[in-house]
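# Topology and contacts: notes
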Amino acid sequence: MAAAALVPPFILVTTAAFLAAAAAPLFSCGPSSPESAQGYAFCDATLPPARRAADLVSRLTVAEKVAQLGDVAPGVPRLGVPAYKWWNEALHGLATSGKGLHFDAVGGVRAATSFPQVLLTAAAFDDGLWLRIGQAIGREARALFNVGQAEGLTMWSPNVNIFRDPRWGRGQETPGEDPAVASRYAVAFVRGLQGNNTSSGILQTSACCKHATAYDLEDWNGVARYSFAPRVTAQDLEDTFNPPFRSCVADGGATCVMCAYTAVNGVPSCADAGLLTDTARGDWGLDGYVASDCDAVAIMRDAQRYAASPEDAVAVSLKAGLDIDCGPYVQQHATAAMQQGKLAEADVDRALTNLFAVRMRLGHFDGDPRSNTYGALGAADICTPEHRALALEAAQDGIVLLKNDANLLPLDRSAVGAAAAIGPNADDGRALIANYFGPPCESVTPLKGLQSYVPNVRFLAGCASAACDAATNQAAAVALAGSADYVFLFMGLSQQQESEGKDRTSLLLPGNQQSLITAVADAAKRPVILVLLSGGPVDVTFAQTNPKIGAILWAGYPGQAGGLAIASVLFGDHNPGGRLPVTWYPEEFTKIPMTDLRMRADPATGYPGRSYRFYNGNTVYKFGYGLSYSTFSRRLVAGANTLAMSASVLAGLRETMTEEDGESYYHVDAIGADSCEQLTFPAAVEVQNHGPMDGKHSVLMFLRWPNATAGRPARQLIGFRSQHLKAGEKASFRFDVSPCEHFSRVREDGKKVIDRGSHFLMVDDHEMEIRFEA
């Protein structure tokens, strides 16, 4: 979906006084409405949502039904059905990229909290934080709806695609390269966004997990996402690309899945009944609707040549399980498809029942929504002090300290007299809010953050933009660096290098950035501090090895409070604890085609594989890397060297064991959910903060197999925990280890098995052997 045009990132929040001037939300089935007076079943809130939806659909004419199949759905006045806009975005805050959310410049709500872009938030490895962000965004969405500035509560977020290739322009929107991290992010964010009020049964908002599946290319070397038809193995689908979507639906309870443009193994995702019906609705248990990415149905005919006519494209997608089209294509051609006998009215009824059931669950047919569970939310609940503080906390917790020679950081603010801030990202508010954004409550750029700690700061952009391809003001930057006590370089990328529709061709810093950084570092009195604002990774080997560059921070796209977060880390008011959620590859990786979706390495051809799980090449920084101002120790202290199994579980395992090619393994499907639950055991990691500062710390636990043959990962993240520890404090982090989930590997045929014998839990260099056998 296309991102909205840039808006000024400095609009301030409104107050509750504007609420009276705002319009009321649209709804149906009020106490005195004609539809309630008629006693229509769709107005009976005591009935199940699907039954109410089916009653409403049965009362529509064919023309009225077809009109509901696009993201802009007109009202049905004769039945009191209000118009609705399905496309709304909430990736890291309420956004104007869709069609249903509006921020009024005069009167009404003018802004919403802008949290860090997702990849930086993921670097905190804290699903409690992710839940709270989802909750805050969901509250603001419902509040905006209540004051009449939202024409929909269906949020087409989160993006839980795997960040497979470092060049991908939209990798910034994702939780990173690891399926376990992406899965837990999906669950936490969706639960927060949709609300957890089970007593009323009303959703706060509806979340949509996108883009299923194996979508991670925009436009590379003449290959565009609209016509890309990747070959993906059953093995990679099962253990890499699909797990986040499964968790999003099965564990998070997401009420929507969005199908991608990609034609996986020759079949467009939005026409794949195996994906949409058998897997999403069947295996994962989707209770909601399936949406297409924007214009994906039209693309089936126009770009992919999968369907011979518009009617064929509409018919094959709706029959496969699609419920709504982002765009007008289905609305324009569904009637003709029905007239030609390619599409049955029953197919349309099924789709509409799924759609209206979600609207029922949102409370749109229960009378005035301002009288329901979320009815008290209003303008005063947007950009609250709590949400602003959360945006700052998220940015602080995600920032990753990559280099800190001779403990250059943190700085003593009293010792910094005159400072220089150099770089195109130092005072650019757009560098904070990335893509899929709305007007933020406030905008604290890195320069403003630095100025809040150091009164005497001189600023020079050095380049007109992050592209840094025009005339560089290098001489002035060198002169400024030579006259300052400390030099801060704010460099990196922007949406001009990485964004929806745009992949990178290089992993190096753009244009003349590297030469500018090097020249400034050479001229400075003491080692400089480099702060990188970017989504995807960059090859900064030159800075990593340059002693004149004393410290490097990665700050992602840090949201409205990003500048304050960066400054608080630089000056020690926050101890950095972020860890990289994606591998940072060297520039040589760009020789590998983006179009090769294989995750596993192929030594015979020199293909190096992808992600920390399978990549066998050199790295700039590894997945999970991140420094702190404190010294932490981590040690595995408890586990289950031999799993305790009941007689029934033992008998079941023996029946599922297979011996093949000298290997013995057990089939996870055959073990069964109950037995898998019985096999779960606790493992404990003792963590101590040896000082000198308090700080939040994340522990990552991995599993490795005795060997990495037969497609086994080199290692696999199985859990992570995050906790704040005072200097000197010791704590025990508990991990619940499920052999069926964490010890299993996926065979080439996509089936999960657990190898008989040894498995090794890993935390840093500490290992614990666990034997799994009947």
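Cut-off values and rules
- Every residue gets a number counted from 1 within its own chain, in the order that chain's sequence is written.
- Under the rules for a predicted model, residues below a pLDDT of 70 receive no local features and side-chain atom pairs below 80 are neither given nor counted, while totals for whole chains, interfaces and linings still include all residues.
- Note: side-chain values were computed over all heavy atoms of the structure, leaving out hydrogens and water.
- UniProt positions are given in the numbering used here, feature names are shortened, and annotations may be inferred rather than shown by experiment.
- Note: pLDDT gives the predictor's confidence per residue, expressed from 0 to 100.
- In this analysis, two residues are considered to be in contact whenever any of their non-hydrogen atoms come within 4.5 Å of each other.
- Secondary structure follows DSSP: runs of H or I at least 4 residues long count as helices, runs of E at least 2 residues long count as strands, and numbering of each begins at the N terminus.
- We treat two strands as partners when DSSP finds at least two bridges between them.
- For helices, the fitted axis covers only the stretch in contact; all axes are lines through C-alpha atoms, and the angles between them, taken along N-to-C directions, range from 0 to 180 degrees.
- To count as a disulfide, a pair of cysteine sulfur atoms needs to be within 2.5 Å.

Under an unreviewed UniProt entry, the protein has the name Fibronectin type III-like domain-containing protein and belongs to Urochloa decumbens. You can read under Subcellular location (unreviewed entry) in the UniProt record for the protein the words "Secreted".

## Some details on the confidence of the model for the protein
Confidence along the protein averages 93 in pLDDT terms, with 95% of residues attaining 70 or more. Every residue in residues 2–22 scores below 50 in pLDDT, and together they form 46 contacts with partners more than four places removed in sequence or on other chains.

## Observations concerning the UniProt feature "domain: Fibronectin type III-like" (unreviewed entry) in the protein
Taking the UniProt record as the reference, the feature "domain: Fibronectin type III-like" (unreviewed entry) is found at residues 697–767. A distance of 20 Å separates the end C-alpha atoms of residues 697–767, which is 7% helix and 59% strand.

## As for the sheet that holds strand β25 (residues 744–746)
Spatially, the four strands line up as an open sheet ordered β19-β20-β26-β25, and their pairing is antiparallel. Taken across any chain shown, the strands that pair with only one partner, and hence form the sheet edges, are β19 (657–660) and β25. Averaged over all neighbouring strand pairs, the angle between strand axes comes to 45°, with direction disregarded. One ladder, built from three bridges, connects strand β20 (residues 663–667) with strand β26 (residues 752–755); its direction is antiparallel. Each residue of the ladder has a partner; that of Y665, found in β26, is D755.

## Some words on the state of the cysteines
Throughout the structure, instances matching the rule amount to eight disulfides. At a sulfur-sulfur separation of 1.9 Å, the disulfide partner of C383 is C441. Taking the sign of the S-S torsion, about -85° here, the bridge from C383 to C441 comes out left-handed. Placement of the pair is C383 in the loop between α13 (345–361) and α14 (385–398) and C441 in the loop between α15 (430–433) and α16 (446–451), with a sequence separation of 58 residues.

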